[in-house]
Amino acid sequence: MNLYPVTFKPILKKIIWGGSAISPFKGIVPVQEGIGESWELSDVEGNVSVAANGPMEGQSLDELIHTYGEALVGKKVLEQFGTTFPLLIKFIDARDNLSIQVHPDDELAKKRHNSFGKTEMWYVIKAAPDATLYSGFSQQIDADEYVKRVHDNTIMDVLQCYDVKAGDVFFLPAGRVHAIGAGCFIAEIQQTSNITYRIYDYNRKDAAGNTRELHTELAKDAIDYTLLADYRTAYKEEKDRPVELVSCQYFTTNLLELDKEISRDFSSLDSFVVYICMEGALQLKDNKGNMIEIKQGQTVLVPADTDSVTLTPSPTAKLMETYIG
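Just so you know, these numbers come straight off a predicted model, no measurement behind them. (Residues numbered from 1 in each chain as written. Predicted model: local features only at pLDDT ≥ 70, side-chain atom pairs only at ≥ 80, totals over all residues. Heavy atoms only, no water.)

Caption draft 1: Main features of the packing of aromatic side chains. In the structure shown here, the tally under the stated rule is 10 aromatic pairs. Their ring planes at 65° and their centres at 5.7 Å tell us that Tyr200 and Tyr202 sit as a pair that is edge-to-face. Every member of this aromatic cluster is reached through a ring pair, and the members are Phe25, Phe91 and Phe185. Against the face of Trp39 rests Lys13, its NZ or CZ located 4.4 Å from the ring centre. The aromatic ring of Phe185 is capped on one face by Lys126, whose charged end is 5.1 Å from the ring centroid. (Phe/Tyr/Trp six-rings, centres within 6.5 Å; stacked < 30°, edge-to-face > 60°. Lys NZ or Arg CZ within 6 Å of the ring centre and 35° of its normal.)

Caption draft 2: How the structure looks around the side chain of Lys26. With respect to the helices, strands and loops of the structure, Lys26 is situated in helix α1 (residues 22-26). The exposure class of Lys26 is buried, given its relative accessible area of 12%. (Helix = DSSP H or I, 4+ residues; strand = E, 2+ residues; numbered from the N terminus. Buried < 20%, exposed > 50% of the residue type's maximum accessible area, 1.4 Å probe, protein only.)

Caption draft 3: Examining the nonpolar core more closely. Counting residues in each nonpolar core, the largest one holds 41 residues, and the members touching the most others are Phe85, Tyr123, Phe272, Leu301 and Met320. Grouped together as the second largest cluster of nonpolar side chains are 39 residues, Val124, Ile180, Tyr200 and Ile223 included. (Core = buried A, V, L, I, M, F, W, Y, C linked by side-chain atoms within 4.5 Å.)

Caption draft 4: Molecular detail of helix α2 (residues 61-68). Of all the positions in α2, only Leu61, Leu64 and Ile65 are classed as buried. Buried residues of α2, seen end-on, are gathered within an arc of 95° and therefore sit on one face of the element. Considering only its buried residues, α2 is in contact with β3 (35-41), β4 (43-44), β5 (47-48), α3 (70-73), α4 (75-81) and β20 (299-302). Just downstream of α2 lies Gly69, where phi reads positive at about 50°. (Arc of directions from axis to C-beta. Contact = heavy atoms within 4.5 Å.)

Caption draft 5: A look at the layout of surface pockets. In this structure, the largest pocket occupies an estimated 410 Å³ of space. Lining the largest pocket we find 21 residues, and of these Trp17, Glu37, Lys90, Gln101 and Thr196 sit closest to its centre. For the lining of the largest pocket, the elements supplying multiple residues, two or more each, are β2 (11-19), β3, β6 (87-94), β8 (120-127) and β12 (178-180). The dominant element in the lining of the largest pocket, judged by the number of residues it contributes, is β12, at 3 residues. Of the residues in the lining of the largest pocket, the class split is 8 nonpolar, 6 polar and 7 charged. Taken as a whole, the second largest pocket spans an internal volume of roughly 260 Å³. If you trace the second largest pocket, you find 14 residues lining it, with Asp43, Val44, Glu45, Thr84 and Thr192 closest to the centre. Those elements giving two or more residues to the lining of the second largest pocket turn out to be β4 and α2. Within the lining of the second largest pocket, the residues separate by chemical class into 4 nonpolar, 7 polar and 3 charged. (1 Å grid on protein atoms, 1.4 Å probe; cavity = no way out; pocket = protein on both sides within 12 Å on 5 of 7 lines; lining within 4 Å. Points joined across faces, edges and corners; volume = space filled by probe spheres on them. Nonpolar A, V, L, I, M, F, W, Y, C, P; charged D, E, K, R; others polar.)

Caption draft 6: Representation of the pairing of strand β18 (residues 273-286) in the model. Counted residue by residue, β18 has 10 buried out of 14 residues, so it is predominantly covered. Pairing of β18 with β20 involves 4 bridges; the strand directions are antiparallel. Looking across to β20, one finds that Val274 is bridged to Leu301. Here β18 runs beside strand β21 (residues 308-323); their pairing, made up of 12 bridges, is antiparallel. (Pairing = 2+ DSSP bridges.)

The following block contains the structure:
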């Protein structure tokens, strides 16, 4: 079969901290309240995406990978990650502060959970005027001080807090302590993993008066205590050409801000390409003659056997392009 750009049905997650922005952003009616996350492309067990367009509609991402293999994901991707799709793409709408977290790296996650680790990145699509997030430490601490500060409720004093605005980017390698704050609307690209260690949850209690479980000891060995001067990702905005945001062993992500047609050559890439549309609309046409209209809030998987695509904004579009580089 002629493989074509595939969209997937969003997996909407109703979460206690979820807001009301995801439905209108994605054009879902009626508006659903309390949706904290929309999993756009997922191969996490129990949350596997299902194709939503063309002849493959109704088939799961798992089925597609087992059927089409390297034509869909790329030969080197298949060799590196097996039949698990290696990325999880989400939109996140935080009405309240999320807990302080850390994720283990591949080695630790494999040993403890037989899972991939979790390196991720955030792109801030929208932010309330007072929105903040946490990434990394503000001063040097070690594992013993970390445990002590969790126990005496002073861990927040040594976390780096950032005021955020639309367009901010944060790269979060496994081991970096982080949290999304209230008022942040974010696109997240991460390894396919659902392993999270909760470090701190502001002593919040549930309806039954219980605090949430913390994973203090597990997190202690997973944290990277290296202190950086700045945990933000700097980049220079440019129109109508790819601007690299992140390049790591798990994914490469470019930002495309378009007001005219551009072409992208993937003939030597040997990887799928994912487009996440964060603003506007565009038409994507591949070298095989397939064409798809993409609008804000949509995510599209371009198969690895695609040599090139032409992107035509209507009239403007902002999107992220991500692949295994």
